[in-house]
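Now for the letters of each chain:
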Amino acid sequence: MDNVTSADGTTIAYTTQGSGPALILVTIAGDDHHSLDATAAALAHHFTVVGYDRRGVGGSGAGEPWALEREVEDLAAVIQAVGGSAALAAGSGGCGLVLEAATALGDAVSAIYLYEPPFIVDDSRPPVPADWVEQVEALIAADRRSDAVELFMTQVVGVPAEYIEPMKADASWQTSMKYAHGLGHDGRILAGTQDGKPLPTDRWSVGQSAVVAVGGDSEPFFHSGAEALVAQLPRGRYEVLPGQDHSAFWTAPDVVTASVVAALRATAAS
């Protein structure tokens, strides 16, 4: 991996593959860039795909204390390192950071692609607990990382309790525990978007071309949230990927790649 230094001196690790226009994949805060390896490999047939580790994760420095502004500066540093302009793509919790970066960085972000931002804007699912970030961070401070991941999975993601023990037997649970300190970062970025109320209208100013995609088999609240967001984006477009669910950004690389390619080609032509 290569390294770039963010504005506060924190080292941010990133990797590139492929050729063509730059496309940066933004992970959720509880994963390193390897979580999107399959998607990155598929996209690399069309773009210079950049994967990076968010601060405090993988090969990047911790850069404490954490702040949203620092994460935006990290993305700005990576964009500069790969040529000064890039499209951004993310799924789930990473979508919040992409919206913040697109707002703050202007023309340095050429376009954005969001897959199922986890916005809860109506009663199609219960809102997340108002204090879940504080609960998770207290468990991590007490070195109860597995309990922190379990709380996140059951109370925020909505995984039925009976699925948790089988999930703990999978190797991915250990990775989730390792990076559990990042869960609250996305929680703080997404604050005010998961409480069952309309999205704030003054939070983002995204003039870039934007596609907000959802899976056809995903829960209704993802569709409601995506439609509400697109209504705020002057150049936004809502797209449904038939037969897919919330995992598609990670597990259906060919389907996601076709959608991203079409979206960014349309941007280039406009």
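Looking up the protein in an unreviewed UniProt entry gives the name Alpha/beta hydrolase, with the organism given as Jiangella anatolica.

Enquirer: In this structure, what is going on with the domain arrangement of the protein? I would like to understand it.
Expert: Buried accessible area, meaning the area lost when the parts come together, often serves as the stated size of an interface. According to the domain assignment, the protein consists of domain 1 (2-119 + 198-268) and domain 2 (131-190). Of note, the centres of domain 1 and domain 2, computed from C-alpha atoms alone, are 22 Å apart. Residue-level contacts link 20 residues of domain 1 with 9 residues of domain 2. Carbon and sulfur atoms supply 61% of the area buried between domain 1 and domain 2, which totals about 1200 Å² over both sides. It is Ala29, Gly30 and Trp66 in domain 1 that bury the most area against domain 2; as a group they hold 37% of the surface buried on that side.

Enquirer: It is not clear to me how the sheet that holds strand E4 (residues 48-52) should be interpreted in this structure. Could you clarify?
Expert: Hydrogen bonds along the backbone pair up the strands of a sheet, which may run parallel or antiparallel. Strand order in the open sheet formed by 8 strands is E1-E2-E4-E3-E5-E6-E7-E8, with mixed pairing between adjacent strands. With partners counted over all chains shown, the strands left at the sheet margins are strand E1 (2-5) and strand E8 (236-241), one partner each. Neighbour to neighbour, the strand axes of the sheet diverge by 25 degrees on average, direction disregarded. Relative to strand E5 (residues 86-91), strand E3 (residues 22-26) runs parallel, the two sharing 4 bridges.

Enquirer: Would you explain the layout of surface pockets in this entry?
Expert: A probe matching the size of a water molecule, rolled over the atoms, marks out where space remains unfilled. By volume, the largest pocket is sized at about 1100 Å³. Contributing to the lining of the largest pocket are 39 residues, with Ile28, Phe152, Met153, Val157 and His246 lying nearest its centre. For the lining of the largest pocket, the secondary-structure elements that each account for two or more residues are helix H5 (145-157), helix H7 (171-178), helix H8 (183-189), helix H9 (220-230) and helix H10 (248-251). Broken down by class, the residue content of the lining of the largest pocket amounts to 18 nonpolar, 14 polar and 7 charged.

Enquirer: What should I look at first to understand the environment of Tyr163 in this one?
Expert: By secondary structure assignment, the location of Tyr163 is in the loop between H5 and helix H6 (164-168). With relative accessibility at 49%, the residue Tyr163 sits in the partly exposed group. Separated by 10 residues in sequence, Tyr163 and Met153 place their C-alpha atoms 9.8 Å apart.

Enquirer: It is not clear to me how helix H3 (residues 94-105) should be interpreted in this structure. Could you clarify?
Expert: Owing to its 3.6 residues per turn, the α-helix brings residues three or four apart onto one side. The end-to-end C-alpha separation of H3 is 16 Å, in line with the 16 Å expected for 12 residues at 1.5 Å each. Most of H3 sits inside the fold, with 9 of its 12 residues counted as buried. Just past H3, the residue Gly106 takes up positive phi, approximately 55 degrees.

Enquirer: Mind showing me how you'd approach the environment of Gln17 here?
Expert: Its place among the elements puts Gln17 in strand E2 (residues 11-18). On the basis of relative accessible area, Gln17 is assigned to the partly exposed category, the value being 34%. Put simply, Gln17 and Phe47 are 30 residues apart on the chain and 8.1 Å apart in space, counted from C-alpha to C-alpha.

Thresholds applied
Residues numbered from 1 in each chain as written. Predicted model: local features only at pLDDT ≥ 70, side-chain atom pairs only at ≥ 80, totals over all residues. Heavy atoms only, no water. Domains from an automatic or database assignment. Contact = heavy atoms within 4.5 Å. Buried area = accessible area lost by both parts, 1.4 Å probe. Pairing = 2+ DSSP bridges. Helix = DSSP H or I, 4+ residues; strand = E, 2+ residues; numbered from the N terminus. Axes fitted to C-alpha atoms, helices over the stretch in contact; angles between N-to-C directions. 1 Å grid on protein atoms, 1.4 Å probe; cavity = no way out; pocket = protein on both sides within 12 Å on 5 of 7 lines; lining within 4 Å. Points joined across faces, edges and corners; volume = space filled by probe spheres on them. Nonpolar A, V, L, I, M, F, W, Y, C, P; charged D, E, K, R; others polar. Buried < 20%, exposed > 50% of the residue type's maximum accessible area, 1.4 Å probe, protein only. Expected span 1.5 Å × (residues − 1).

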